[in-house]
Amino acid sequence: MTTKEKSLFLIMGATGNTGTPTVKLLRDAGHRVRALVHDIDERSTSLEELGAEVVAGDFLDFDAVSSAMTGVTAAYFCYPIHPGGLLQATTVFAQAASEAGVHAVVNMSQISARREAESNAARQHWLAERLLDRTAMVTTHLRPTFFAELINWFWVRRENEGLLRLPFGNGRHAPISGRDQANVIAAILQNPDPHDRQIYPLVGPEELDHHAIARKVQQTLGIPVRYEPVTIPTFATALTALGATPFLVQHLSHVAQDYRDGIFAGTNNLVEVIGGGKPMTVEDYVAATRDEFNHDGRHALRDALLPA
């Protein structure tokens, strides 16, 4: 049995923006992959078609997570922004992985994770990092800035124009795609030891404010696009009207202020150095997801959600 045949990688959150491309990269490299998903659906079926072993389970279910850990060499841990779940899920993961003798974990955190964070989710990510650091596993934390996918999520499409309504003022960041983060995740999983106890802020190739992002979207799509700043309270009210949980609203409201304060800013070459390729530009990302700009995003702040 070859080294690749001996290795088994567990990908949690395998149907997400970083999980799915990570599965594909590892399978393309000839590795065995187990994908832990919440539900069996068309997304998990696509993972099976890539050759991954798919198992369904709740990340808070210790027995389910323990079963998924059997024989695993290294794991990618990614938990969504849901109220009250991250620290419990991290505890379950850490214990199950430790009992199974998992060698390494790549942990998805966020750039706003810090002890003094006002966002409950951001502080929980910082605490989750510290918990994983206390295990015997080789541990690497990824702290991405805002995903490039955020452009899609908050996109407002009118007949022949697009809008980005966000509470970020004139703050700046370098958008990074889920695919580029997957390149880093897959690389570390395959060679984790040099990255032990490292914290990597992951960013795209160019730092921009949202006026500049809108211009780049416009140039790529060939339609008028503009950034329309909104206040943080207006943003919070609109998200609540869209059905967002209070936990998510509290998180996004506070990271919006973090963004204005420069927490999400900065550039580096980590994606290229670790992941092995240059990250996508905003233009690259928009061109690759062009169809998503033909309709409103899932969190679009439409006119009816704003104060008269």
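Residues numbered from 1 in each chain as written. Predicted model: local features only at pLDDT ≥ 70, side-chain atom pairs only at ≥ 80, totals over all residues. Heavy atoms only, no water.

Looking at the pairing of strand β1 (residues 8–12)
Reasoning step 1: With respect to burial, β1 is a largely interior element, five of its five residues being buried.
Reasoning step 2: Side-chain alternation along β1 places Leu8, Leu10 and Met12 on one buried face and Phe9 and Ile11 on a second face that is also buried.
Reasoning step 3: Sheet topology note: the β1/strand β2 (residues 32–37) ladder contains five bridges and is parallel. Note on β2: the bridge partner recorded for Leu8 is Arg32.
Reasoning step 4: Strand direction decides the pairing type here: β1 and strand β4 (residues 74–77), joined by three bridges, are parallel. In the sheet register, Phe9 faces β4, and the bridge partner there is Ala74. (Buried < 20%, exposed > 50% of the residue type's maximum accessible area, 1.4 Å probe, protein only. Helix = DSSP H or I, 4+ residues; strand = E, 2+ residues; numbered from the N terminus. Pairing = 2+ DSSP bridges.)

Here's the deal with the nonpolar core
Reasoning step 1: The biggest cluster of nonpolar side chains holds 37 residues, and the ones touching the most others in it are Trp155, Phe168, Val217 and Phe235.
Reasoning step 2: Of all elements in the fold, only α7 (150–153), β8 (162–166), α9 (210–221), β10 (225–229), α10 (232–241), α11 (246–260) and α13 (282–288) reach the threshold of two or more residues within this core.
Reasoning step 3: The dominant element in this core, judged by the number of residues it contributes, is α11, at six residues.
Reasoning step 4: For Phe235, the residues in contact, after removing those within four places along its chain, are Phe154, Leu166, Pro167, Val230, Leu252 and Leu301.
Reasoning step 5: Counting residues in each nonpolar core, the second largest holds 30 residues, with Leu26, Val138, Leu202 and Val271 among its members. (Core = buried A, V, L, I, M, F, W, Y, C linked by side-chain atoms within 4.5 Å. Contact = heavy atoms within 4.5 Å.)

Observations regarding the sheet that holds β10
Reasoning step 1: Pairing in this open sheet of three strands is mixed, and the strands run β7-β8-β10 from one edge to the other. One side of each edge strand has no neighbouring strand; the edge strands of this open sheet are β7 (155–157) and β10. For this sheet the average axis-to-axis angle between neighbouring strands, irrespective of direction, equals 30°.
Reasoning step 2: When β7 meets β8, the two strands line up antiparallel, connected through three bridges. Along β8, the bridge assignment pairs Val156 with Leu163.
Reasoning step 3: Running at roughly 160° to β10, α9 makes contact with β7, β8 and β10 of the sheet. (Axes fitted to C-alpha atoms, helices over the stretch in contact; angles between N-to-C directions.)

Concerning helix α8 (residues 178–190)
Reasoning step 1: When the terminal C-alpha atoms of α8 are compared, their 18 Å separation across 13 residues agrees well with the 18 Å that a helix rising 1.5 Å per residue should span.
Reasoning step 2: If you check which residues of α8 are buried, you get Gly178, Asp180, Gln181, Ala182, Val184, Ile185, Ala186, Ile188 and Leu189. (Expected span 1.5 Å × (residues − 1).)

Focus: the sheet that holds strand β3 (residues 53–56)
Reasoning step 1: One open sheet holds the seven strands; their spatial order is β3-β2-β1-β4-β5-β6-β9, and the pairing between them is parallel. Both edges of this open sheet fall to β3 and β9 (198–202), since each of them pairs with a single strand only. Pairwise comparison of adjacent strand axes, ignoring direction, gives a mean angle of 20° for this sheet.
Reasoning step 2: The sheet contacts of helix α2 (residues 19–28) involve β1, β2 and β4, and relative to β1 the element is tilted by about 165°.

Quick look at the packing of aromatic side chains
Reasoning step 1: Overall, the coordinates contain ten aromatic pairs when judged by the stated rule.
Reasoning step 2: For the pair Phe168 and Tyr259, a centre-to-centre distance of 4.6 Å together with 35° between the ring planes defines the contact as tilted. Of this pair, Phe168 sits in the loop between β8 and α8 while Tyr259 sits in helix α11, placing them 91 residues apart in sequence. The same class applies to Phe168 and to Tyr259, which are both buried. (Phe/Tyr/Trp six-rings, centres within 6.5 Å; stacked < 30°, edge-to-face > 60°.)

Some points on the packing of helix α6 (residues 120–133) against α11
Reasoning step 1: For the pair α6 and α11, the least separation of the axes is 7 Å and the interaxial angle reads 85°. Viewed along their axes, α6 and α11 adopt a mutual orientation that is roughly perpendicular. Across from Asn120, Ala121, Ala122 and Gln124 in α6, the residues of α11 making contact are Phe247, Gln250 and His251.
Reasoning step 2: Class assignment of the residues belonging to the contact of α6 with α11 gives a composition of three nonpolar, four polar and no charged. (Parallel < 35°, antiparallel > 145°, perpendicular 65-115°, else oblique. Nonpolar A, V, L, I, M, F, W, Y, C, P; charged D, E, K, R; others polar.)

As for the pattern of salt bridges
Reasoning step 1: In this structure the tally under the stated criterion is 20 salt bridges.
Reasoning step 2: Across the pair Arg158 and Asp303 runs a salt bridge, and its minimum N-O distance is 2.9 Å. On the criterion of sequence distance, the pair formed by Arg158 in the loop between β7 and β8 and Asp303 in the segment after α13 is long-range, its members being 145 residues apart.
Reasoning step 3: For Arg158, a relative accessible area of 28% corresponds to the partly exposed category.
Reasoning step 4: By relative accessible area, which is 45% here, Asp303 ends up partly exposed.
Reasoning step 5: The residue Glu228 makes a salt bridge to Arg165 at a minimum N-O spacing of 2.6 Å. (Salt bridge = Lys/Arg side-chain N within 4 Å of Asp/Glu carboxyl O.)

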